Amino acid sequence: MTNLSLHQEANLFGKYFLKKLPGEREKNLYVKLAGEITPPLELTEQRILRFALNNKWSIGLLDAGCAFIRPQSELRRRLHLMFAILECSSEYNDLFLPKQRSPFFLLILIFNGVAAIVKALVGSLILKYIL
Amino acid sequence: MHEYIVVGSGCTGAMAAQTLVEAGVKTTMLDVGVEDKKYALLIPDKDFISIRKTEQDQYRYFMGDSAEGLAWGKVKTGEHLTPPRKHILKLTDRYLPIHSDTFFPMESLSYGGLGCGWGLGCCTFSKAENEEIGLDHIKMTKAYEVISSRIGICGAIDDASPYTIGQMGNILKAPKMDRNHEQLMKNYSANKNSLNTKGFYMGRPGLALLTEDKGERKKYAYRDMDFYSDSDLSAYRPWITVNELKKKPNFRYIGNCFVLSFTENTEYIEVHCLDTLNNQAQIFKCKKLILSPGTLGSARIVLRSVNAGSGKLPVLCNPYTYIPCIQPSMVGKAVESGKMGFAQLSLFHDEKKINFDVAMASIYSYQSLMLFRIIKEAPINLIDARVIMRYLVSGILIMGIHHPETKGPDKYLERIKNIDSLTGDILKATYLLDAEERIKIESREKKYMKAIRKMGAYPIKRINPGNGSSIHYAGTLPFSDSQTPCTLSRSGRLNGTQNIYVADGSGFRYLPAKGLTLSLMANAHLTALNAIKNE
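Conventions adopted
- Residues numbered from 1 in each chain as written.
- Chains lettered and ligands numbered in written order.
- Predicted model: local features only at pLDDT ≥ 70, side-chain atom pairs only at ≥ 80, totals over all residues.
- Heavy atoms only, no water.
- Phe/Tyr/Trp six-rings, centres within 6.5 Å; stacked < 30°, edge-to-face > 60°.
- Lys NZ or Arg CZ within 6 Å of the ring centre and 35° of its normal.
- Contact = heavy atoms within 4.5 Å.
- Buried area = accessible area lost by both parts, 1.4 Å probe.
- Salt bridge = Lys/Arg side-chain N within 4 Å of Asp/Glu carboxyl O.
- Polar contact = N/O pair within 3.5 Å; in protein donor to acceptor, adjacent residues only side chain to side chain.
- Pairing = 2+ DSSP bridges.
- Helix = DSSP H or I, 4+ residues; strand = E, 2+ residues; numbered from the N terminus.
- Axes fitted to C-alpha atoms, helices over the stretch in contact; angles between N-to-C directions.
- 1 Å grid on protein atoms, 1.4 Å probe; cavity = no way out; pocket = protein on both sides within 12 Å on 5 of 7 lines; lining within 4 Å.
- Points joined across faces, edges and corners; volume = space filled by probe spheres on them.
- Nonpolar A, V, L, I, M, F, W, Y, C, P; charged D, E, K, R; others polar.

Within a pair of aromatic rings, the relevant descriptors are the distance that separates the centres and the angle that separates the planes. Residue and element names in this part refer to chain B. Taken as a whole and judged by the stated rule, the model has 21 aromatic pairs over all chains. Between the NZ or CZ atom of lysine 246 and the centre of the ring of tyrosine 253, over which it lies, the distance is 4.5 Å. The side chain of lysine 312 reaches across the aromatic face of tyrosine 412, ending 4.3 Å from its centre.

Let's shift gears to the interface of chain A and chain B. Counting residues at the interface gives 47 residues for chain A and 43 residues for chain B. When the two sides are added together, the surface that chain A and chain B hide from each other amounts to roughly 4200 Å², 59% of it contributed by carbon and sulfur. Counting the surface chain A buries against chain B, the share from its top three residues, His80, Cys88 and Pro98 of chain A, is 16%. In this structure, the connection of chain A to chain B is made through four salt bridges. The salt bridge involving aspartate 94 of chain A is made with lysine 53 of chain B; its shortest N-O contact spans 3.2 Å. At the junction of chain A with chain B, the criterion picks out 21 residue pairs in polar contact (both at pLDDT 80 or more).

We now examine the sheet that holds strand β20 (residues 425–431) of chain B. Residues and elements named next belong to chain B. If you walk across this open sheet you meet the four strands as β3-β20-β19-β13, and the pairing is mixed. The open sheet has two edge strands with one neighbour each: β3 (98–99) and β13 (312–314). By the bridge criterion, three bridges tie β13 to strand β19 (residues 411–417) in an arrangement that is antiparallel. Within β19, the residue paired with proline 314 across the bridge is tyrosine 412. Where helix α10 (residues 295–305) meets the sheet, its contacts fall on β3, β13, β19 and β20, and the angle it forms with β19 comes to roughly 50°.

What follows covers the layout of surface pockets. Residues and elements named next belong to chain B. Estimates place the volume of the second largest pocket at around 470 Å³. Lining the second largest pocket we find 18 residues, and of these Asp36, Ala40, Leu41, Asp230 and Trp239 sit closest to its centre. A per-class count over the lining of the second largest pocket returns eight nonpolar, four polar and six charged.

Before going further, it helps to spend a moment on empty space enclosed by the protein. Taken as a whole and assessed by the stated rule, the structure comprises six cavities of 30 Å³ or more. The calculated volume of the largest cavity comes to roughly 170 Å³. Residue classes in the lining of the largest cavity are distributed as nine nonpolar, three polar and seven charged.

Just distances and angles here, no functional claims.
Now the structure itself:
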């Protein structure tokens, strides 16, 4: 994996979590660490990763599908890396610290729970198609 | 020639050495002594929330420079350690090789040993427990006081105190609880009678934590950085004692020294070592040797040094399970500063109400360990998991249950020769619980889950990390009144030798579920006294 493609990956994964491009510092850290921790990839892992990078709309669905049926997949590992980098950033920590509940927090929990299940089902179908 | 050699700088080595030094004898400590030279200095003296909000380099100690804090895939014992604590495991693959499909222990060659990652839990053992172990209860009771005055222990008089601080004096007041634990304690009090009837007793744990200043050590400052830093020395670590001993004229510390074996003749003992900088052989001569490299470490050294008969040594390790729980009334509470990472409550299960065969659960909050450590376990996508976990995390409690352990035919260690190993051998471990033990553990954990539900917290999942994960090991050289090889006399002397003592938990014939470190330290103190008195 080249540094250029890791940069693209950092942008895509950062945007997946933040809805905007991550800072340079977080991107550079992702490139460095992803380059260090990535083992040689199996063909199936390469396929999933390539599909996600070429179809950015699918990242969330594949994340959900992998969490459900391939929790140790490389895509999940890299998303987890970006998650950790953002959580360990003073700029984005507010997105990760405990949140005071709003009057609608139960609705929010239910909505996110249902959304997660739907995404997992669709993601699993996409994974079957890719593999 | 050295007068006394102590092997290892962990909790037992530090206490044995302090006893020797205070008695005025010349003491040398041999130790590998791996230290964290990378992260400790990076961590600012700020609380967890301030660090999260202001420090740009926080990823270095939360995740690690090489993302070593992001365990992925099948997680081995010890991989949960945070980057500033990872040095605890350094060099162990090389010098302490172990092979097993059933036992996954954690050992350490660090400066301070496993004590560098100790959760600080301090429990006194009851008379019945000490007798079953092979220890003199009256002497142990006095030794608990000695250790308490050395290291500083806080606690409280409550329902749990018969199992924690017992009759110890000089106890510092307990630290304040966070609101998650306060709520649980309130619910316990409301259901106390019913829980007590079923044998459950909850209260504040004894902790080797200062709530008042003690010399250069400062009282606990509620920074909630306990998994990362020891900056104010409020938490006891064995290296604090060794650092103090280094100032004494009758103490010498020799690092980078891995002890392999010993030979004893009528004049002296030869201690055979490897210099860990170049793996060259070294020999030290002494009059008396006190082994305290940890139960498994002592087993290795003794198996290399004496004829071990069948070649098998017994081993004990508390079965351990942890159960994340949710307390719904605490879900969705804003971030709380001034927390602490150590256990804040202990829940004991003493069904027969005799302070024997007691199980112990330590209860922790989850905040300073970061979301990324748990979120990967969620079977949903990371975006929705983040939203959900931010609400849930304030209500999460982790209940870690330790069960008492007795010896069994399928719990043993063997030394296997291996020319590829630096030490020329490898430790092979077998650890299997029998059906009766498994049923008892299962039944007890179900009772724990019922009890915690009664207190308004709901178990999410029961996680058994496997044998060895409790990091409580004992019983490899059990106390024996006969002169059987590979056993210890009641004084801690290795049977068949004149001047070789073992000061760690190797002699314990039974392993109570209560945290054993205080008793290990008390026994190390007594063993050192016995070595001085030639007992």
